[in-house]
Amino acid sequence: MSFNLLKGKKGIIFGALNEQSIAWKVAERAVEEGAEIVLTNTPVSLRMGTLNELAAKCNAPVIAADATSVADLEHLVDEAMKHFGGPFDFALHSIGMSPNVRKGRTYDDLDYDYLQKTLDISAISFHKMIQVLRKKDALREWGSIVALSYIAAQRTLYGYNDMADAKALLESIARSFGYIYGREKHVRINTVSQSPTPTTAGNGVLGLKDLMEFAESMSPLGNASANDCADYVLTLFSDLTRKVTMQNLFHDGGFSSMGMSRRAMRTYEKGLRFEDVHEHQFPFGTGDNKEE
Ligand SMILES: NC(=O)c1ccc[n+]([C@@H]2O[C@H](COP(=O)([O-])OP(=O)(O)OC[C@H]3O[C@@H](n4cnc5c(N)ncnc54)[C@H](O)[C@@H]3O)[C@@H](O)[C@H]2O)c1
(Lines give C-alpha, C1' and ligand atoms only; values in the text may rest on other atoms or scores of the structure.)
Protein backbone atom coordinates (compact mmCIF):
# COMPACT_ATOMS: atom_id res chain seq x y z
CA MET A 1 0.00 0.00 0.00
CA SER A 2 1.34 3.43 -0.90
CA PHE A 3 0.84 6.55 1.21
CA ASN A 4 2.77 8.87 -1.14
CA LEU A 5 5.08 9.53 1.79
CA LEU A 6 8.03 10.40 -0.45
CA LYS A 7 6.24 12.19 -3.25
CA GLY A 8 8.66 14.68 -4.84
CA LYS A 9 11.64 13.38 -2.89
CA LYS A 10 14.90 12.15 -4.39
CA GLY A 11 17.74 10.15 -2.94
CA ILE A 12 20.69 7.79 -3.24
CA ILE A 13 20.49 4.20 -2.03
CA PHE A 14 23.77 2.41 -1.26
CA GLY A 15 24.07 -1.34 -0.76
CA ALA A 16 21.44 -3.24 -2.78
CA LEU A 17 23.20 -6.41 -3.91
CA ASN A 18 20.33 -8.82 -4.54
CA GLU A 19 16.67 -9.30 -3.72
CA GLN A 20 17.45 -10.22 -0.11
CA SER A 21 19.31 -6.96 0.58
CA ILE A 22 17.67 -4.55 2.99
CA ALA A 23 18.61 -1.71 0.59
CA TRP A 24 16.76 -3.52 -2.22
CA LYS A 25 13.54 -3.46 -0.19
CA VAL A 26 14.07 0.19 0.74
CA ALA A 27 14.59 1.08 -2.94
CA GLU A 28 11.40 -0.69 -4.02
CA ARG A 29 9.33 0.88 -1.26
CA ALA A 30 10.84 4.35 -1.77
CA VAL A 31 9.77 4.29 -5.42
CA GLU A 32 6.34 2.96 -4.47
CA GLU A 33 6.04 5.93 -2.11
CA GLY A 34 6.76 8.36 -4.95
CA ALA A 35 10.54 8.89 -4.67
CA GLU A 36 13.06 9.09 -7.49
CA ILE A 37 16.27 7.23 -6.70
CA VAL A 38 19.84 6.61 -7.80
CA LEU A 39 21.31 3.20 -6.97
CA THR A 40 24.94 2.53 -6.17
CA ASN A 41 27.25 -0.31 -5.21
CA THR A 42 30.84 -1.39 -5.82
CA PRO A 43 31.87 -2.39 -9.37
CA VAL A 44 32.40 -5.99 -8.13
CA SER A 45 28.92 -6.15 -6.58
CA LEU A 46 27.42 -4.82 -9.79
CA ARG A 47 28.97 -7.78 -11.61
CA MET A 48 28.12 -10.36 -8.92
CA GLY A 49 24.68 -9.19 -7.87
CA THR A 50 21.44 -8.42 -9.69
CA LEU A 51 21.23 -4.67 -9.18
CA ASN A 52 20.40 -4.01 -12.82
CA GLU A 53 17.06 -5.80 -12.38
CA LEU A 54 16.20 -3.46 -9.54
CA ALA A 55 17.35 -0.46 -11.57
CA ALA A 56 15.01 -1.41 -14.42
CA LYS A 57 12.12 -1.93 -12.03
CA CYS A 58 12.72 1.39 -10.26
CA ASN A 59 13.63 3.31 -13.40
CA ALA A 60 16.83 4.34 -11.62
CA PRO A 61 20.36 4.89 -12.90
CA VAL A 62 23.15 2.81 -11.37
CA ILE A 63 26.38 4.64 -10.59
CA ALA A 64 29.26 2.48 -9.38
CA ALA A 65 31.14 3.64 -6.29
CA ASP A 66 33.33 2.04 -3.68
CA ALA A 67 32.10 3.80 -0.54
CA THR A 68 35.62 3.78 0.94
CA SER A 69 36.86 5.97 -1.94
CA VAL A 70 36.24 9.71 -1.56
CA ALA A 71 36.91 10.17 -5.31
CA ASP A 72 34.22 7.59 -6.14
CA LEU A 73 31.79 9.24 -3.73
CA GLU A 74 32.45 12.67 -5.25
CA HIS A 75 31.81 11.31 -8.72
CA LEU A 76 28.63 9.58 -7.53
CA VAL A 77 27.24 12.70 -5.86
CA ASP A 78 28.08 14.88 -8.90
CA GLU A 79 26.34 12.42 -11.22
CA ALA A 80 23.34 12.09 -8.91
CA MET A 81 22.95 15.87 -8.79
CA LYS A 82 23.13 16.01 -12.59
CA HIS A 83 20.52 13.28 -12.82
CA PHE A 84 18.19 14.92 -10.30
CA GLY A 85 18.81 18.43 -11.66
CA GLY A 86 20.14 19.69 -8.30
CA PRO A 87 20.26 18.78 -4.63
CA PHE A 88 18.26 15.86 -3.29
CA ASP A 89 16.59 14.73 -0.06
CA PHE A 90 17.87 11.46 1.35
CA ALA A 91 20.67 8.88 1.42
CA LEU A 92 20.72 5.32 2.73
CA HIS A 93 23.99 3.71 3.86
CA SER A 94 23.33 -0.06 3.86
CA ILE A 95 26.91 -1.30 3.73
CA GLY A 96 28.81 -3.78 5.85
CA MET A 97 31.67 -6.23 5.45
CA SER A 98 34.37 -7.70 7.67
CA PRO A 99 37.36 -9.47 6.11
CA ASN A 100 38.11 -10.93 9.57
CA VAL A 101 34.68 -12.59 9.64
CA ARG A 102 35.08 -13.74 6.05
CA LYS A 103 38.46 -15.28 6.70
CA GLY A 104 37.40 -16.89 9.99
CA ARG A 105 39.64 -14.75 12.23
CA THR A 106 38.17 -14.66 15.75
CA TYR A 107 38.00 -11.48 17.85
CA ASP A 108 40.98 -12.56 19.97
CA ASP A 109 43.07 -13.19 16.85
CA LEU A 110 42.21 -10.27 14.58
CA ASP A 111 44.26 -9.39 11.57
CA TYR A 112 44.75 -5.63 11.96
CA ASP A 113 44.88 -4.86 8.26
CA TYR A 114 41.53 -6.60 7.97
CA LEU A 115 40.25 -4.65 10.98
CA GLN A 116 41.14 -1.39 9.21
CA LYS A 117 39.14 -2.59 6.22
CA THR A 118 36.17 -3.60 8.38
CA LEU A 119 36.09 -0.14 9.95
CA ASP A 120 36.63 1.66 6.65
CA ILE A 121 33.94 -0.25 4.75
CA SER A 122 31.36 -0.56 7.51
CA ALA A 123 31.72 2.73 9.41
CA ILE A 124 34.20 5.30 8.07
CA SER A 125 32.50 5.10 4.66
CA PHE A 126 29.48 6.62 6.42
CA HIS A 127 31.58 9.60 7.47
CA LYS A 128 33.04 9.89 3.95
CA MET A 129 29.59 9.76 2.40
CA ILE A 130 28.20 12.47 4.69
CA GLN A 131 31.30 14.67 4.33
CA VAL A 132 31.08 14.52 0.52
CA LEU A 133 27.32 15.23 0.57
CA ARG A 134 27.87 18.24 2.82
CA LYS A 135 30.88 19.68 0.99
CA LYS A 136 28.98 19.51 -2.27
CA ASP A 137 25.87 20.90 -0.58
CA ALA A 138 24.03 17.97 -2.15
CA LEU A 139 21.17 17.69 0.32
CA ARG A 140 18.21 19.98 0.62
CA GLU A 141 17.04 21.56 3.87
CA TRP A 142 15.41 18.94 6.14
CA GLY A 143 17.12 16.13 4.26
CA SER A 144 17.55 12.74 5.91
CA ILE A 145 20.45 10.28 6.12
CA VAL A 146 20.05 6.76 7.50
CA ALA A 147 22.54 3.94 8.10
CA LEU A 148 21.82 0.39 9.23
CA SER A 149 23.23 -0.88 12.48
CA TYR A 150 22.98 -3.85 14.84
CA ILE A 151 22.61 -4.26 18.61
CA ALA A 152 26.13 -5.71 18.84
CA ALA A 153 27.17 -2.02 19.05
CA GLN A 154 25.78 -1.96 22.63
CA ARG A 155 25.73 -5.61 23.76
CA THR A 156 28.19 -8.40 23.18
CA LEU A 157 26.84 -11.05 20.86
CA TYR A 158 28.86 -14.20 20.34
CA GLY A 159 30.53 -14.31 16.94
CA TYR A 160 29.72 -10.79 15.72
CA ASN A 161 33.42 -10.10 15.93
CA ASP A 162 34.93 -6.77 14.80
CA MET A 163 31.64 -5.76 13.16
CA ALA A 164 30.52 -4.84 16.71
CA ASP A 165 33.26 -2.21 16.88
CA ALA A 166 32.37 -0.98 13.39
CA LYS A 167 28.71 -0.57 14.36
CA ALA A 168 29.65 1.34 17.53
CA LEU A 169 31.69 3.74 15.39
CA LEU A 170 28.90 4.01 12.81
CA GLU A 171 26.40 5.03 15.48
CA SER A 172 28.83 7.56 16.92
CA ILE A 173 29.36 9.14 13.48
CA ALA A 174 25.57 9.59 13.19
CA ARG A 175 25.61 11.60 16.44
CA SER A 176 28.75 13.64 15.72
CA PHE A 177 27.80 14.60 12.16
CA GLY A 178 24.11 14.83 13.07
CA TYR A 179 24.94 17.81 15.28
CA ILE A 180 26.86 19.64 12.54
CA TYR A 181 24.50 18.94 9.64
CA GLY A 182 21.38 19.48 11.76
CA ARG A 183 22.54 22.83 13.12
CA GLU A 184 23.51 24.06 9.66
CA LYS A 185 20.87 22.70 7.34
CA HIS A 186 18.33 20.76 9.37
CA VAL A 187 19.63 17.54 7.83
CA ARG A 188 18.94 14.67 10.20
CA ILE A 189 21.16 11.62 10.61
CA ASN A 190 20.05 8.41 12.30
CA THR A 191 20.94 4.74 12.48
CA VAL A 192 18.37 1.95 12.45
CA SER A 193 19.35 -1.08 14.53
CA GLN A 194 17.73 -3.97 12.72
CA SER A 195 16.88 -7.56 13.77
CA PRO A 196 19.07 -10.33 12.34
CA THR A 197 17.97 -10.74 8.73
CA PRO A 198 18.77 -13.47 6.17
CA THR A 199 20.78 -11.52 3.57
CA THR A 200 24.22 -12.06 2.06
CA ALA A 201 25.88 -10.00 4.82
CA GLY A 202 23.59 -11.57 7.46
CA ASN A 203 24.57 -15.06 6.40
CA GLY A 204 28.19 -14.13 7.10
CA VAL A 205 27.34 -13.76 10.80
CA LEU A 206 28.29 -16.85 12.80
CA GLY A 207 25.21 -19.03 13.48
CA LEU A 208 22.70 -16.65 11.86
CA LYS A 209 19.89 -19.23 11.89
CA ASP A 210 20.23 -19.89 15.64
CA LEU A 211 20.66 -16.18 16.31
CA MET A 212 17.46 -15.45 14.39
CA GLU A 213 15.58 -18.15 16.31
CA PHE A 214 16.84 -16.82 19.62
CA ALA A 215 15.96 -13.21 18.69
CA GLU A 216 12.54 -14.36 17.49
CA SER A 217 11.85 -16.13 20.80
CA MET A 218 12.99 -13.08 22.78
CA SER A 219 11.07 -10.42 20.84
CA PRO A 220 7.41 -9.86 21.74
CA LEU A 221 6.66 -8.74 18.17
CA GLY A 222 9.02 -11.25 16.55
CA ASN A 223 11.99 -10.36 14.34
CA ALA A 224 11.64 -7.44 11.95
CA SER A 225 12.04 -8.55 8.32
CA ALA A 226 13.86 -6.64 5.56
CA ASN A 227 10.44 -5.47 4.30
CA ASP A 228 9.53 -4.20 7.77
CA CYS A 229 12.86 -2.40 7.88
CA ALA A 230 12.16 -0.73 4.53
CA ASP A 231 8.84 0.59 5.86
CA TYR A 232 10.55 2.05 8.91
CA VAL A 233 13.37 3.65 6.92
CA LEU A 234 10.80 5.33 4.66
CA THR A 235 9.24 7.08 7.61
CA LEU A 236 12.70 8.47 8.42
CA PHE A 237 13.04 9.81 4.88
CA SER A 238 9.56 11.31 5.04
CA ASP A 239 8.50 14.67 6.47
CA LEU A 240 6.78 12.89 9.36
CA THR A 241 10.05 12.55 11.30
CA ARG A 242 11.64 15.95 10.84
CA LYS A 243 12.71 16.37 14.45
CA VAL A 244 14.30 12.93 14.84
CA THR A 245 18.07 13.11 14.63
CA MET A 246 21.30 11.72 16.13
CA GLN A 247 19.43 8.62 17.26
CA ASN A 248 20.09 4.92 17.11
CA LEU A 249 16.57 3.59 16.58
CA PHE A 250 15.93 -0.03 17.46
CA HIS A 251 13.83 -1.82 14.89
CA ASP A 252 13.84 -5.29 16.35
CA GLY A 253 10.37 -6.33 17.59
CA GLY A 254 11.30 -5.32 21.14
CA PHE A 255 14.42 -7.49 21.44
CA SER A 256 16.66 -4.69 22.72
CA SER A 257 14.48 -4.07 25.78
CA MET A 258 14.14 -7.74 26.80
CA GLY A 259 16.11 -9.59 29.44
CA MET A 260 14.40 -12.98 29.23
CA SER A 261 11.15 -14.09 27.63
CA ARG A 262 8.90 -16.99 28.56
CA ARG A 263 9.49 -18.56 25.15
CA ALA A 264 13.25 -18.40 25.42
CA MET A 265 13.10 -19.70 29.02
CA ARG A 266 10.99 -22.68 27.92
CA THR A 267 13.38 -23.49 25.10
CA TYR A 268 16.23 -23.35 27.57
CA GLU A 269 14.38 -25.61 30.07
CA LYS A 270 13.55 -28.19 27.41
CA GLY A 271 16.93 -28.11 25.79
CA LEU A 272 20.35 -28.84 27.09
CA ARG A 273 21.60 -26.82 29.99
CA PHE A 274 25.06 -25.36 29.93
CA GLU A 275 26.65 -28.16 31.97
CA ASP A 276 24.83 -30.84 29.89
CA VAL A 277 26.16 -29.31 26.71
CA HIS A 278 29.66 -29.39 28.05
CA GLU A 279 29.54 -32.81 29.70
CA HIS A 280 27.65 -34.74 27.07
CA GLN A 281 28.23 -33.00 23.79
CA PHE A 282 31.71 -31.66 24.24
CA PRO A 283 33.48 -33.85 26.85
CA PHE A 284 36.82 -32.36 25.84
CA GLY A 285 35.59 -28.80 25.23
CA THR A 286 34.24 -27.61 21.91
CA GLY A 287 37.64 -26.77 20.47
CA ASP A 288 35.92 -25.23 17.43
CA ASN A 289 36.18 -21.61 18.35
CA LYS A 290 38.36 -19.85 20.86
CA GLU A 291 35.61 -17.31 21.47
CA GLU A 292 33.28 -19.97 22.94
N1 LIG B 1 21.39 -8.91 7.80
C2 LIG B 1 21.38 -8.63 9.08
O3 LIG B 1 21.20 -9.52 9.95
C4 LIG B 1 21.58 -7.22 9.53
C5 LIG B 1 21.16 -6.83 10.82
C6 LIG B 1 21.41 -5.52 11.24
C7 LIG B 1 22.05 -4.63 10.39
N8 LIG B 1 22.44 -5.05 9.14
C9 LIG B 1 23.15 -4.10 8.30
O10 LIG B 1 22.39 -3.83 7.13
C11 LIG B 1 23.27 -3.35 6.12
C12 LIG B 1 22.95 -4.02 4.82
O13 LIG B 1 23.26 -5.39 4.85
P14 LIG B 1 22.31 -6.53 4.30
O15 LIG B 1 21.97 -7.39 5.45
O16 LIG B 1 21.23 -5.97 3.48
O17 LIG B 1 23.32 -7.40 3.40
P18 LIG B 1 23.83 -7.24 1.88
O19 LIG B 1 24.96 -8.19 1.77
O20 LIG B 1 22.70 -7.42 0.95
O21 LIG B 1 24.34 -5.74 1.80
C22 LIG B 1 25.65 -5.33 2.14
C23 LIG B 1 26.09 -4.41 1.03
O24 LIG B 1 27.33 -3.76 1.33
C25 LIG B 1 27.92 -3.52 0.06
N26 LIG B 1 29.33 -3.15 0.19
C27 LIG B 1 30.35 -3.88 0.71
N28 LIG B 1 31.50 -3.21 0.60
C29 LIG B 1 31.21 -2.01 0.01
C30 LIG B 1 31.97 -0.87 -0.35
N31 LIG B 1 33.30 -0.82 -0.15
N32 LIG B 1 31.35 0.17 -0.94
C33 LIG B 1 30.02 0.14 -1.18
N34 LIG B 1 29.23 -0.91 -0.83
C35 LIG B 1 29.83 -1.97 -0.25
C36 LIG B 1 27.74 -4.87 -0.63
O37 LIG B 1 28.02 -4.82 -2.01
C38 LIG B 1 26.29 -5.14 -0.31
O39 LIG B 1 25.44 -4.59 -1.28
C40 LIG B 1 24.69 -3.56 6.65
O41 LIG B 1 25.16 -2.37 7.23
C42 LIG B 1 24.46 -4.60 7.72
O43 LIG B 1 25.49 -4.61 8.69
C44 LIG B 1 22.21 -6.30 8.69
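Residues numbered from 1 in each chain as written. Predicted model: local features only at pLDDT ≥ 70, side-chain atom pairs only at ≥ 80, totals over all residues.

**Regarding the site of the ligand**
- Neighbouring residues of the ligand: 28 residues in total, closest S21, G96, T199, A201 and G202.
- Mapped onto the shell around the ligand, the elements with two or more residues apiece are α1 (22-32), β4 (139-149) and α8 (200-203).
- Take the shell around the ligand: its biggest share by element is three residues, from α8.
- Of the residues contributing to the shell around the ligand, the split by class is twelve nonpolar, 15 polar and one charged. (Near = placed C-beta within 6 Å. Helix = DSSP H or I, 4+ residues; strand = E, 2+ residues; numbered from the N terminus. Nonpolar A, V, L, I, M, F, W, Y, C, P; charged D, E, K, R; others polar.)

**As for the domain arrangement of the protein chain**
- Parsing the protein chain into structural domains produces domain 1 (10-207 + 221-258) and domain 2 (260-292).
- Taking only C-alpha atoms, the centre of domain 1 and the centre of domain 2 are 35 Å apart. (Domains from an automatic or database assignment.)

**Here's the deal with the nonpolar core**
- Of all hydrophobic cores here, the largest spans 70 residues; its most connected members are I13, A27 and V233.
- Ranked by the residues each element gives to this core, the list is headed by helix α7 (residues 163-185), at eight residues.
- Sequence-distant contacts of I13, defined by excluding residues within four places in its chain, comprise A23, V26, A27, I37, L39 and L92. (Core = buried A, V, L, I, M, F, W, Y, C linked by C-beta atoms within 7 Å. Buried ≥ 20, exposed ≤ 12 C-beta atoms within 10 Å, placed from the backbone. Contact = placed C-beta atoms within 7 Å.)

**What to know about the pairing of strand β3 (residues 88-93)**
- Among the six residues in β3, six count as buried, and that is most of the element.
- Strand direction decides the pairing type here: strand β1 (residues 10-14) and β3, joined by three bridges, are parallel. Residue I12 lies in a different strand from β3, and its bridge partner there is A91.
- Judged from the five bridges that link them, β3 and β4 form a sheet pairing that is parallel. Across the sheet, the residue bridging to H93 is A147, located in β4. (Pairing = 2+ DSSP bridges.)

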